[in-house]
Amino acid sequence: MTIPIPPKMAIPDFSKPTDGIEGVYQGPRRWAPKSSAERQALGRDQFLHLLVTQLKNQDPQSPLRPDEFAAQLAQFTTVEQLTNLNDAMTAQAAADQLGQLINQTSLSVNLLGREVTARGDRLTVTPTGPGEVPVTVGGSGGLAVLRITDLAGNEVMRKELGTLGAGQQKVTLPSLPNGEYRYQVQVTDSAGGKVDVTTHTVGTVHGVQFRNGSLMRRIGGADVPLDQLVEIKPAG
């Protein structure tokens, strides 16, 4: 009895780069994952391949109805369009953010050397520093007290201001040694209640820098974001 000899089986060569479903084989101990775009493209190819296979192997006694075939194509097309729309919206958002950053940078550069007023509680005292600061008093105003501290929070001066009316007011600063300070204006109404007060920083923009992903204007010793500026004085 003769025993047939099976045909010789081909042994695949794994030393050559071979595409995988989730990555690319790049030789021994090297495996690079595919990008999301490559996986999405593979998903579309797989869908079409499965659909063609389904049509080839459908039961002749119960073939796929045209409406079922159209529904599957419609579902796939909808998902693909939504994916493309999401990619387009992401790209547009990135472009808008870049445009906004460019505009802010241009404006910030134009502010260099200009005197501005911003919301804040910092005081920069120099020989030519601000002799007064603007504050906005809420309610109907009341009795006011000016309190000045160093940057560590230690009180260096307290001054009675008398009565301040509602709205924007100018507070004259006392004589202080040159340096950096913080200040508060505490206002009490006739019933002894606390009145809201918004303090402002006045100074010259002398620098622009990025910090924590935001563009900051350097005013005295304070970094001020653009949305905190309330007044820009004319150049000159």
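Refer to the structure above for everything that follows.
A few points on the structure. These numbers come from a predicted model, not from an experiment.

**Focus: the overall build of the protein**
Across its full length, the protein carries two helices and 15 strands. Burial status across the protein gives 23% buried among its 236 residues. Within the protein, counting contacts between residues at least 6 apart in sequence, those at least 24 apart form 64% of the total. Here the protein displays about 16200 Å² of accessible surface, and carbon together with sulfur accounts for 56% of that area.

**Observations regarding the pattern of salt bridges**
It is possible for side chains of opposite charge to pair when their charged atoms get near one another. This structure, assessed with the given rule, holds five salt bridges. With a closest N to O distance of 3.0 Å, aspartate 121 and arginine 182 form a salt bridge. With a gap of 61 residues between them, aspartate 121 in the loop between β4 (115-119) and β5 (122-125) and arginine 182 in strand β10 (residues 179-188) connect regions that are remote in the sequence. Classification of aspartate 121 by relative accessible area gives partly exposed; the value is 27%. The network of salt bridges with shared partners includes Arg147, Glu155 and Arg158.

**A look at the nonpolar core**
Grouped together as the largest cluster of nonpolar side chains are 17 residues, with contacts concentrated most on Leu123, Leu146, Ile148, Val171, Tyr183 and Val185. Residue assignment for this core shows that the elements contributing at least two residues are β5, β6 (132-137), β7 (142-150) and β10. A total of four residues in this core trace back to one element, the largest contributor, which is β10. When near neighbours in sequence (up to four residues on either side) are disregarded, isoleucine 148 contacts Leu123, Asn154, Glu155, Val156, Met157, Pro174, Leu176, Tyr181, Arg182 and Tyr183. Among the nonpolar cores identified, the runner-up in size contains eight residues, and Ala118, Val205, Ile219 and Ala222 belong to it.

**Re the environment of lysine 233**
Residue position: lysine 233 is located in the segment after β15 (229-232). Separated by 119 residues in sequence, lysine 233 and arginine 114 place their C-alpha atoms 6.7 Å apart. With residues near it in sequence (within four places) discarded, lysine 233 still touches Arg114 and Glu115.

**Some points on the environment of leucine 164**
Topologically, leucine 164 is positioned in strand β8 (residues 155-164). Look past the residues within four positions of leucine 164 in its chain and what remains in contact with it is Val137, Gly141, Gly142, Ala144, Gln169, Val171 and Val185.

**Concerning the side chain of threonine 201**
Topologically, threonine 201 is positioned in strand β12 (residues 197-211). Side-chain polar atoms of threonine 201 contact the backbone nitrogen of arginine 122, separated by 3.2 Å.

**Considerations on the side chain of threonine 117**
Take threonine 117: it is sitting in strand β4. In this structure threonine 117 comes out as buried when scored by relative accessible area, which is 4%.

**Overview of a nonpolar patch on the surface**
There is a patch of nonpolar side chains on the surface, built from Leu82, Leu85 and Met89 and spanning about 320 Å² of accessible area. Summarising the element assignment, leucine 82 is placed in helix α2 (residues 66-110). Taking relative accessible area as the criterion, leucine 82 reaches 53% and is therefore assigned exposed.

Rules used throughout
- Residues numbered from 1 in each chain as written.
- Predicted model: local features only at pLDDT ≥ 70, side-chain atom pairs only at ≥ 80, totals over all residues.
- Heavy atoms only, no water.
- Helix = DSSP H or I, 4+ residues; strand = E, 2+ residues; numbered from the N terminus.
- Buried < 20%, exposed > 50% of the residue type's maximum accessible area, 1.4 Å probe, protein only.
- Contact = heavy atoms within 4.5 Å.
- Areas by Shrake-Rupley, 256 points an atom, 1.4 Å probe, with all protein chains shown as cover.
- Salt bridge = Lys/Arg side-chain N within 4 Å of Asp/Glu carboxyl O.
- Core = buried A, V, L, I, M, F, W, Y, C linked by side-chain atoms within 4.5 Å.
- Polar contact = N/O pair within 3.5 Å; in protein donor to acceptor, adjacent residues only side chain to side chain.
- Patch = residues over 30% accessible without salt bridge, like charges linked within 9 Å, V, L, I, M, F, W, Y side chains within 5 Å.

Just geometry here; none of it tells us what the structure is for.
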